[in-house]
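Now for the letters of each chain:
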Amino acid sequence: MELTPAAVTEEHRWVRDRADVVVPLINETRGRLGEIFDTDVGEIDEATYLAAVDEVFAHGDVGVNVAAYVRILRELDVDGDYPGFIVDEVLGRKLASTIAGGDPLGLLAEATFHFADVAVHTDGPAGRDDLDAALAAGFQTRLPGWSWRERDSPFDSHL
């Protein structure tokens with residue numbers, strides 16, 4: 001696999017075109033998490049998702065890594081699925097973390113990936129459902145809507 005600027009652009013377009021699947025999955029994931037944590041989590045719309053996708057891909061180093069994870073997961077399949085489930089889980093976690101913007105949100109996105117993944121079943125190669133779960137987990141973590149992210153941290157420096 002070779003990633004050229006044209007290939008990154010192609011993956012960027014593919015992630016944008018997946019909004020009809022990813023946006024509802026983000027909102028479903030947020031709804032389920034909100035119930036568990038007894039909080040209201042703001043839903044997102046397609047325009048918010050598309051803007052976040054553009055922002056992620058606008059950063060060259062991040063964009064090329066996201067494109068690589070996406071491209072691999074789009075095609076990854078293992079006969080019988082189970083023997084290869086480790087690699088698609090690892091790639092899905094790393095994609096979610098990269099989209100979220102690194103730690104501390106990256107770790108939260110990785111955990112959310114597993115939460116979202118249990119509810120996603122996509123036709124096609126084995127990696128495709130992990131790809132959708134990773135996109136949902138990464139972007140839902142990155143985007144506003146959680147009350148704890150809307151307030152100042154008591155650990156912010158006031159220097």
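One can find the structure itself at the top, above this paragraph.
Residues numbered from 1 in each chain as written. Predicted model: local features only at pLDDT ≥ 70, side-chain atom pairs only at ≥ 80, totals over all residues. Heavy atoms only, no water.

Colleague: Help me understand the overall build of the protein in this model?
Modeller: Secondary structure assignment for the protein yields seven helices and zero strands. Counting from the amino terminus, the protein carries its helices and strands in the arrangement α-α-α-α-α-α-α. The C-alpha atoms of the protein give 16 Å as radius of gyration, which agrees with the globular expectation for 159 residues (15 Å, within 12%). Projected onto its principal axes, the C-alpha coordinates of the protein cover approximately 50 × 35 × 25 Å. Expressed as a percentage of contacts within the protein between residues at least 6 apart in sequence, the contacts between residues at least 24 apart total 72%. By element, 53% of the accessible surface of the protein is carried by carbon and sulfur atoms, the whole surface being about 8700 Å². One way to put it: in the protein the 13 positive side-chain charges average out to a point 3 Å from where the 31 negative ones average out. (Helix = DSSP H or I, 4+ residues; strand = E, 2+ residues; numbered from the N terminus. Rg over C-alpha atoms; globule rule 2.2 N^0.38 Å. Contact = heavy atoms within 4.5 Å. Areas by Shrake-Rupley, 256 points an atom, 1.4 Å probe, with all protein chains shown as cover. Lys, Arg positive; Asp, Glu negative; His and termini not counted. Charge placed at Lys NZ, Arg CZ, Asp CG, Glu CD.)

Colleague: Sorry, what's going on with helix H2 (residues 19–36) here?
Modeller: Residues spaced three or four apart along an α-helix face the same direction, because each turn holds 3.6 residues. In this model, H2 (18 residues) spans 25 Å end to end at C-alpha, consistent with the 26 Å of a helix rising 1.5 Å per residue. Within the sequence span of H2, burial applies to Ala19, Val22, Val23, Leu25, Ile26, Asn27, Thr29, Arg30, Leu33 and Gly34. Where H2 is buried, its residues touch helix H1 (5–17), helix H3 (46–58), helix H6 (105–117) and helix H7 (126–142). One or two steps after H2, the chain reaches Asp38, where phi turns positive at roughly 50°. (Expected span 1.5 Å × (residues − 1). Buried < 20%, exposed > 50% of the residue type's maximum accessible area, 1.4 Å probe, protein only.)

Colleague: What is the right way to read the packing of helix H4 (residues 60–75) against helix H5 (residues 85–100) from this model?
Modeller: If you want to describe how two helices pack, look at the angle between their axes and the distance between the axes. Two elements in contact, H4 and H5, have axes separated by 10 Å at closest approach and are oriented at 150°. Taken together, the axes of H4 and H5 lie roughly antiparallel to each other. Our pair here, H4 against H5, has a crossing hand that is left-handed. Contacts from Val62, Val66, Tyr69, Val70, Ile72 and Leu73 of H4 reach H5 at Asp88, Leu91, Gly92, Lys94, Leu95, Thr98 and Ile99. Classifying every residue of the contact of H4 with H5 by side-chain character gives nine nonpolar, two polar and two charged. (Axes fitted to C-alpha atoms, helices over the stretch in contact; angles between N-to-C directions. Parallel < 35°, antiparallel > 145°, perpendicular 65-115°, else oblique. Left-handed = near helix turned anticlockwise from the far one by under 90°. Nonpolar A, V, L, I, M, F, W, Y, C, P; charged D, E, K, R; others polar.)

Colleague: Got a minute to help me understand unusual backbone geometry in this structure?
Modeller: Leaving glycine aside, a negative phi is the common case for residues, and trans is the common case for peptide bonds. Cis geometry is found at the peptide bond from Asp103 to Pro104, where omega equals 10°. Position of Pro104 relative to the elements: it lies in the loop between H5 and H6. Look at Asp38: it is not a glycine, yet its phi comes out positive at around 50°. Assignment of secondary structure puts Asp38 in the loop between H2 and H3.

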